[in-house]
Amino acid sequence: MGGSMERRWSGFVRLRRLVVLIALGFTAACTSSRPVQIPPEWQTSAPAPPAPHPAVQTPPQAHAAPSGPIIRRPPEFREKDLAPGLEPALPPGQQKAEARPPQYLASMHLVEQGKSNLAAGRPEAAIGLFEQAVQVDVHNGEAFLGLAKAWRMRGSGKKAMEFARKAEILFQDDPRKLKEVYLLEADILSDLGDAAQSNQYRQKASRL
Amino acid sequence: MNQFSVRRPKKNRLWLKISVVFVLLMSLFWASYFFYLYSEIKARFESRRWSVPARVFSAPVLLYPGQVLSVSQLGQIFQERRYQEAVREPLRAGEYKASRDRMTVYLREFKFPGHTLASRRIHFVFQQNRLARIQSGDADLVFLEIEPLEIARLFGPERESRSLINIEQVPRHLIDSVTAIEDHRFYEHRGVDWVGISRALWMDLRARRVVQGGSTITQQLVKNYFLEPERSVKRKLLEASMAVIIEYMYEKDEILEMYMNEIYLGQRGSVSIHGMGEAARYYFGRNVEDLSLAESATLAGMIRAPNAYSPYSSARASQDRRNTVLRRMLELGKIDSEEYERARLDPLRVLRTTPPVSAASYFVDYVKHQLHELYETEALESEGLNIYTTLHPEMAIAAELAVREGLEEIERTRSDKGGSGLDAALQVVLIAVHPKTGAVLALVGGRDYGESSFNRALYAHRQPGSAIKPFVYLSALDKFTPVSRIPDERTVHVVNGQPWSPRNYDDRYRGEVSLREAVEESVNCATVHVALDIGLDNVIRTLRNLGIQSPLEPLPSLALGAFEVTPIELAGAYAALGNDGQKPYLLSLKEVVAEKGEIIERRNIDMVSVTSPAKAFLVTSLLQGVVDRGTGKSIRRMGIDFHCAAKTGTTNDYRDSWFVGYMTDLLVLVWVGYDDNRSTHLTGAQGAARIWARFVNQVRPWINPQPFRIPPGVVHRIVCRESGALANTYCREKSLEFFLADNVIQEYCTIHGKN
């Protein structure tokens, strides 16, 4: 009888352990293995693959919808959306230094060589080096800026403008460089005889 | 007596006159003849001396610390460039040695127009399959440029392979080897060596057979360059005469340089090896200046009978002949006994790897096609042009491997194997493009160039199917947003008086889908609805802007890719999406450089804005969804774990299987199908995507996929996944969505609320 009770008790303990284990396993399985982050506005980090649509639990304050009944609200559409990077600029090289991909240094080395050639009035040689720099690091805004300058020096305004546009995208987080790009674009447009657009770019530059 | 004595001088004078006239005539004849020979020689030597085929090179490869690269992969790179694994220190140019996590390479010099890759010793350090350091001496290098790979030669009908060298490049011991064994009095005679001829005659008479020739190097040059290989007194006289004239016209070193460039030194299949420069590369994988004494003696020894003394086919004979040359050098005091012994004991090591002259055949055809538009065939085959291309050799090799293995895998797993034979073979196209520069990095135009050289990448007109949809949605972004609700139901359209009703791939009709879902799941009905809503002319305009030149008709089926494009056109159009809306001009030919180094053609990166960066980004974001959740998600299971955007494409009756995907620095298009348009029984994901993933995994050391940059003009909002409106606190499932700044939704979710 006592033995039977003991067996029954130990069976109960085993069952309880099993239930606890299942519960723990279930909890672990339901916990997201990847912290979900919403990229701040105008940063370059698109949601990391292969995560599905991020199931956001708490939207950031800026996007918080009003509590209570659903109401129509004007869109949150601010200048910041259009002209990012208004925060104070860090000196070049310090910006996101830790996030630089390994090819960045190689690419910058080529850019420096390109700049030397450009300064020496050899745009043809500079173009080759800037192109190689782009090939190595597609996000090197300096290389595109260099290409824009070199093509302008060679008298190809349209080409220069295309490369300047690329630099403009890549320097969104660097107001100092962005200003340089805007001014270059203003000059290129002026060369192309588009005074109105040129002025617009100058104004953009002056706002930075 | 007196009369007699008076008449005699008259007779003498006559003979004298006749003799004088004869001598004058003979002198005039010989002078004219020599002048004729002189003019002939001058004309030949002052024009192009040799037919040198154009050489086609890949792009150089750049290595940098931090690159994902293993020791074996780097070893492979050097082997492809015909470097030899060293057997002893010190390393010589063209050699490398590797350990578990280190590699030392002695680079050969390589001259580009404008800059030279110096010959130097480089030390590589690896950590966990990454290149950790590149060192030259004590200095750490930020990057290292590796010489390009020669991928083709454009031979003329004579099929002579020759790399011209300058006498200043030639090491002293090669000059000494050649002169010692062929003409040791070369610097003493004036074209014809009478001492040598007498000695040779004496030797021949003693042996009662021809054992020694008396031809000087100059005579050999004349024989090889000007004369037919007949054995006659007349030819010998002519040879001697011309040799004398050449000696009069040129310096000794000039003559030796011509000889070293002219001399025949063996055979590679149907191609003959001419000159020491080419032979040094072919037999030893070295530039001529890097040849050792033993290697120089081997090449010099081959002059007499190149194939009999070939180090490939007759190693023993070649080594004996080399030692004969070395002994002769020792006898003549050109080397000392220590040098002799060292060189004599040197094992005969020749390069065993085949020169990669047939790599990337479809790409080479593509380049040739462009070259033939620029230059005459004769110029390409004989003027020694150096043609630099954008081909990434490692990617090109990976592409061919991925295509071969991928097709094997598809055919193994597919129920219908499609029969056998060329007509039945499943065909393939793979195009790899750098989206930011337009550089074509690899191009495969079929499964086997040997069987069919038809370049499908350029010339196959195939229906793109759903692979065209991104451009339909690109055209619609002014009106629609990624959360716009689109009808997904069967609708009958009247096309040319006939009813036409598109069907979804899975025959499932959801009633309504978001634009994002329509792209991710490749929903046909929704796409046709969008195309008709914005107007088919708008779609056509977009396609034209993106470089699609094939005929397009404003029919509803246009939205589903029911028209023909070439794979290269489609790759170009996608490149605009991967390049912030700027369509790069595809670039395969970079530079054409003349023999003397001047650049005669240069092509640069060029692009034109065809849509805004914001729209291009939005489509990219939609295509990222295809990979993360949609029809292309199978590649995530194949090791593609980084940021990438892609679209599948399948046409009616599975005739075409497409997969076009891009990262920040690589765009790859793959097509799989039959030439005769039979069904492949493969969707884009089942066919092309497999090859795509296989290729991208293999080229991982050469790409650095980064997050796609969000350009100006794009904003993001948190939306309710159920309603597609801006999310409120009560929405259970929310997601981040991107919008054009001037086309943002403003409505909040009305489905979820307090109640």
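In this text, all values refer to a predicted model and were calculated from it rather than measured experimentally.

(A) Broad picture of the side chain of Ser292(B). The topology assignment puts Ser292(B) in the loop between α8 (275-284) and α9 (293-302). Residue classification places Ser292(B) among the buried residues on the basis of a relative accessible area of 13%.

(B) Just the nonpolar core, in detail. Residue and element names in this part refer to chain B. Counting residues in each nonpolar core, the largest one holds 152 residues, and the members touching the most others are Phe 124, Ile 387, Trp 692 and Phe 695. If we ignore the near neighbours within four places in the chain, the residues touching Phe 695 are Met 395, Ala 398, Ala 399, Ala 402, Leu 430, Ala 432, Leu 666 and Val 668. One finds Phe 186, Ile 246, Ile 263 and Ala 280 within the second-largest nonpolar core, a separate group that totals 58 residues.

(C) Broad picture of a nonpolar patch on the surface. Residues and elements named next belong to chain B. Side chains of Phe 22, Val 23, Met 26, Phe 29, Trp 30 and Phe 34 sit close together on the surface and give an oily, nonpolar patch of about 570 Å² of accessible area. For Phe 22, the location among the structural elements is in helix α1 (residues 2-46). Taking the relative accessible area as the measure of exposure, Phe 22 reaches 51% and is therefore exposed.

(D) Just the sheet that holds strand β15 (residues 271-274) of chain B, in detail. Residues and elements named next belong to chain B. The strand order across the open sheet built from three strands is β13-β15-β14, with neighbouring strands paired in mixed fashion. Edge positions in the sheet fall to β13 (160-162) and β14 (264-268), since each has one partner strand and no second. Averaged over all neighbouring strand pairs, the angle between strand axes comes to 30°, with direction disregarded. Pairing between β14 and β15: three bridges, direction antiparallel. Counted as the bridge partner of Arg 268 is Val 271 from β15. Those strands touched by α8 are β13, β14 and β15, and its axis lies near 40° from that of β14.

(E) Broad picture of the pairing of strand β28 (residues 656-662) of chain B. Residue and element names in this part refer to chain B. Judged by how many residues are buried, β28 sits mostly within the fold: seven of seven residues are covered. Across the two faces of β28 the burial is the same, with Asp 656, Trp 658, Val 660 and Tyr 662 and Ser 657, Phe 659 and Gly 661 all buried. In sequence, strand β27 (residues 645-650) turns back onto β28 through a hairpin of five residues, with Asp 653 there showing a positive phi of about 60°. Here β28 pairs with strand β29 (residues 667-673) via seven bridges, running antiparallel. Residue Val 660 lies in a different strand from β29, and its bridge partner there is Leu 669. The turn linking β28 back onto β29 is made up of four residues.

(F) Looking closely at the packing of aromatic side chains. Residues and elements named next belong to chain B. This model, assessed by the stated rule, comprises 25 aromatic pairs over all chains. Between Phe 454 and Tyr 459, the aromatic rings sit 6.5 Å apart at their centres with planes inclined by 35°, giving tilted as the arrangement. On the basis of relative accessibility, which here comes to 40%, the residue Phe 454 falls in the partly exposed class. In this structure Tyr 459 comes out as partly exposed when scored by relative accessible area, which is 38%. An angle of 80° between the planes, with centres 5.9 Å apart, marks the rings of Tyr 662 and Phe 708 as edge-to-face. Of this pair, Tyr 662 sits in strand β28 while Phe 708 is found in the loop between α22 (688-698) and β30 (714-720), placing the two residues 46 residues apart along the sequence. Accessibility classification places Tyr 662 together with Phe 708 in one group, the buried group. An aromatic cluster of at least three residues, connected via ring pairs, comprises Phe 29, Trp 30, Tyr 33 and Phe 34.

(G) Geometry of the side chain of Glu150(B). With respect to the secondary-structure elements, Glu150(B) resides in strand β12 (residues 150-154). A distance of 3.1 Å separates polar atoms of two side chains, one belonging to Glu150(B) and the other to Arg55(B).

(H) Region of the structure containing empty space enclosed by the protein. Applying the stated criterion across every chain yields a total of five cavities of 30 Å³ or more. The computed volume of the second largest cavity comes to approximately 120 Å³. Every residue lining the second largest cavity is counted, 16 residues in all, and those nearest its centre are Lys436(B), Gly578(B), Asp580(B), Phe708(B) and Arg709(B). Put simply, the parts of the chain that give the lining of the second largest cavity at least two residues each are α6 (157-170) of chain A together with α21 (613-628) of chain B. For the lining of the second largest cavity, the leading source of residues is α21(B), giving four residues. A breakdown of the residues in the lining of the second largest cavity according to their chemical character gives eight nonpolar, five polar and three charged.

Definitions and limits used
Residues numbered from 1 in each chain as written. Chains lettered and ligands numbered in written order. Predicted model: local features only at pLDDT ≥ 70, side-chain atom pairs only at ≥ 80, totals over all residues. Heavy atoms only, no water. Helix = DSSP H or I, 4+ residues; strand = E, 2+ residues; numbered from the N terminus. Buried < 20%, exposed > 50% of the residue type's maximum accessible area, 1.4 Å probe, protein only. Core = buried A, V, L, I, M, F, W, Y, C linked by side-chain atoms within 4.5 Å. Contact = heavy atoms within 4.5 Å. Patch = residues over 30% accessible without salt bridge, like charges linked within 9 Å, V, L, I, M, F, W, Y side chains within 5 Å. Areas by Shrake-Rupley, 256 points an atom, 1.4 Å probe, with all protein chains shown as cover. Salt bridge = Lys/Arg side-chain N within 4 Å of Asp/Glu carboxyl O. Pairing = 2+ DSSP bridges. Axes fitted to C-alpha atoms, helices over the stretch in contact; angles between N-to-C directions. Phe/Tyr/Trp six-rings, centres within 6.5 Å; stacked < 30°, edge-to-face > 60°. Polar contact = N/O pair within 3.5 Å; in protein donor to acceptor, adjacent residues only side chain to side chain. 1 Å grid on protein atoms, 1.4 Å probe; cavity = no way out; pocket = protein on both sides within 12 Å on 5 of 7 lines; lining within 4 Å. Points joined across faces, edges and corners; volume = space filled by probe spheres on them. Nonpolar A, V, L, I, M, F, W, Y, C, P; charged D, E, K, R; others polar.

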